[in-house]
Amino acid sequence: FIQVALGTALGYWLFDYLGFWSAALLAAVLVPTDAALAQACLDNPRVPRGLTQSIEVESGINDGLALPLITFLVVCQSWNATESIVGFWAEYLIRQLLVGAALGAGLGYLGGQLVTWASTQGWMDVAYEKLSVVALALGSYSSAILLEGNGFVSVFVAGLVVGHSVPALGTRMREFAELEGSLLVLIALFIFGAVLLPLCYYVLTWQLILYVVLTLTLVRMAATAICTLGLGLHKDTVLFLGWMGPRGIATILFGLFVLEAHEVVDREAIFRIATAVAAVSVCAHGLTAHGVSSWYVRRLKGRNLEPRLKDTTDTHVA
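Residues numbered from 1 in each chain as written. Predicted model: local features only at pLDDT ≥ 70, side-chain atom pairs only at ≥ 80, totals over all residues. Heavy atoms only, no water.

Draft legend 1. Representation of the overall build of the chain in the model. A tally of regular secondary structure across the chain gives 13 helices and 0 strands. Seen in sequence order, the chain has helices and strands lined up from the N terminus as α-α-α-α-α-α-α-α-α-α-α-α-α. Summarising the internal contacts of the chain: among those between residues at least 6 apart in sequence, 80% fall at separations of at least 24. Summed over all atoms, the accessible surface of the chain reaches about 16,000 Å², with 69% contributed by carbon and sulfur. (Helix = DSSP H or I, 4+ residues; strand = E, 2+ residues; numbered from the N terminus. Contact = heavy atoms within 4.5 Å. Areas by Shrake-Rupley, 256 points an atom, 1.4 Å probe, with all protein chains shown as cover.)

Encoded structure:
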């Protein structure tokens, strides 16, 4: 929320054509991080395990935390003052959030139990257990959309239920994410670069360039510094965590979600700005992940620093 507040102030100041709600919506779209772009850092055995797990956990949790906020901001732009606010919110919560969450919980639990039963009966190979993760995600999303629920909420809740109710399948999810999931990320980034990125070329201005740079540096690092106050972390650790917040697939997906929300007045501008931030982040964080992690390891060894970050012991699997 600190990062959203700082990003909102920055966007409202730089882009005179964006209103307050649009600037806030843009900042919320840019909150989720993508640990896949920092893979070179995560794979470095010399980086403390607690630190790399913190980056992974942030990447996994931020998607779920950002979605309700993004949904709320979309509603703030679409609500008609002539309507009953109680009736509007009741209908919206039931149709979007509750339907999506209920479907995700139900399909996640039933799907996980079915996969587990088929596996114990010898009807399903390990390879298909991994592919069942994709089937459960697509099934949860499409079912929610058909019933006018929120597909992202449905998928997120389904993942939570599967990870907690079927630990074995949660392990397969992790294996899939590390192998086949990397291939899907590469395909998604290829489509992003070939189809979506050219859309933001003709809106390239100094305001956009400044916003991109400050979002990836000052805004992110300031929010990280504020959130880590009282943990006793060294400034090198705070800088490392502040930089390792790449924007990628989640930002692109949320940008498309806003683009499809026709009631959002500035949806095209928000999508183009978010696309520009994600594009620069993919290049900047992808190119510097190895160098920054090596720099941090040298600083860690030279000053005998010990980051006070507890080992999360695979809690990010859920």
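Draft legend 2. Molecular detail of the packing of aromatic side chains. Following the criterion strictly, the structure yields 5 aromatic pairs and no others. Ring geometry for Trp-117 and Trp-123: centres 4.9 Å apart, planes at 80°, overall edge-to-face. Counting every residue linked through ring pairs, the aromatic cluster contains Phe-15, Tyr-17 and Tyr-211. (Phe/Tyr/Trp six-rings, centres within 6.5 Å; stacked < 30°, edge-to-face > 60°.)

Draft legend 3. Spatial organisation of helix α10 (residues 206-227). Between the first and last C-alpha of α10 there are 30 Å, a value that for 22 residues agrees with the 32 Å anticipated at 1.5 Å per step. Considering bend angle alone, the principal kink of α10 is centred on Leu-214 and spans about 45°. (Expected span 1.5 Å × (residues − 1). Bend = angle between axes of the 7 residues up to and from the residue.)

Draft legend 4. Main features of the packing of helix α1 (residues 2-14) against helix α2 (residues 20-29). The interhelical angle for the contact between α1 and α2, taken along N-to-C directions, is 130°, at an axis separation of 8 Å. If you check the angle between α1 and α2, you find them oblique. The way α1 lies across α2 gives a crossing that is right-handed. On α2, the residues that touch Val-4, Gly-7, Thr-8, Gly-11 and Tyr-12 of α1 are Phe-20, Ala-23, Ala-24, Ala-27 and Ala-28. (Axes fitted to C-alpha atoms, helices over the stretch in contact; angles between N-to-C directions. Parallel < 35°, antiparallel > 145°, perpendicular 65-115°, else oblique. Left-handed = near helix turned anticlockwise from the far one by under 90°.)

Draft legend 5. Expanded view of the nonpolar core. Core analysis: the largest hydrophobic core is formed by 37 residues, its most contacted members being Leu-25, Leu-26, Ile-70, Tyr-211 and Val-258. Counting only elements with at least two residues in this core, the list comes to α1, α2, α4 (49-78), α7 (151-165), α10, α12 (249-260) and α13 (267-303). Setting aside residues no more than four positions away along its own chain, Leu-25 makes contact with Ile-70, Leu-73, Val-74, Val-258, Val-264 and Ile-270. By size, the runner-up hydrophobic cluster in this structure holds 18 residues, among which are Ala-38, Leu-51, Phe-240 and Met-244. (Core = buried A, V, L, I, M, F, W, Y, C linked by side-chain atoms within 4.5 Å. Buried < 20%, exposed > 50% of the residue type's maximum accessible area, 1.4 Å probe, protein only.)

Draft legend 6. A look at the side chain of Ser-281. By the secondary structure assignment, Ser-281 is in helix α13. Exposure remark for Ser-281: the relative accessible area of 0% places this residue in the buried category. If sequence neighbours within four positions are ignored, Ser-281 has contacts with Leu-216, Pro-246, Arg-247 and Gly-286.

Draft legend 7. Structural context of the side chain of Thr-33. Among the structural elements, Thr-33 can be located in the loop between α2 and α3 (39-42). Those residues in contact with Thr-33, other than ones at most four positions away along the chain, are Glu-58, Ser-59, Asn-62, Asp-63, Arg-220, Gly-245 and Pro-246.

Draft legend 8. Here's a closer look at the pattern of salt bridges. Counted according to the given criterion, the structure contains 2 salt bridges. Asp-236 is the partner of Arg-299 in a salt bridge, and the nearest nitrogen-oxygen pair spans 2.9 Å. Placement of the pair is Arg-299 in helix α13 and Asp-236 in helix α11 (residues 235-243), with a sequence separation of 63 residues. On the basis of relative accessible area, Arg-299 is assigned to the partly exposed category, the value being 25%. The partner of Glu-268 in a salt bridge is Arg-272, and the shortest N-O contact between them spans 3.8 Å. Here Glu-268 pairs with Arg-272, and both are found in helix α13, just 4 residues apart, close to one helical turn. In this structure Glu-268 comes out as partly exposed when scored by relative accessible area, which is 42%. For Arg-272, a relative accessible area of 17% corresponds to the buried category. (Salt bridge = Lys/Arg side-chain N within 4 Å of Asp/Glu carboxyl O.)

Draft legend 9. The arrangement of the packing of α10 against α11 in detail. Interaxial distance between α10 and α11 falls to 8 Å at its minimum, and their mutual angle equals 125°. On the basis of their axis angle, the class for α10 and α11 is oblique. Here α10 runs over α11; the crossing is right-handed. Note on element contacts: α11 touches α10 through Val-238, Leu-239, Leu-241, Gly-242 and Trp-243, opposite Leu-216, Thr-217, Arg-220, Met-221, Thr-224 and Ala-225. When grouped by side-chain class, the residues that make up the contact of α10 with α11 number 7 nonpolar, 3 polar and 1 charged. (Nonpolar A, V, L, I, M, F, W, Y, C, P; charged D, E, K, R; others polar.)

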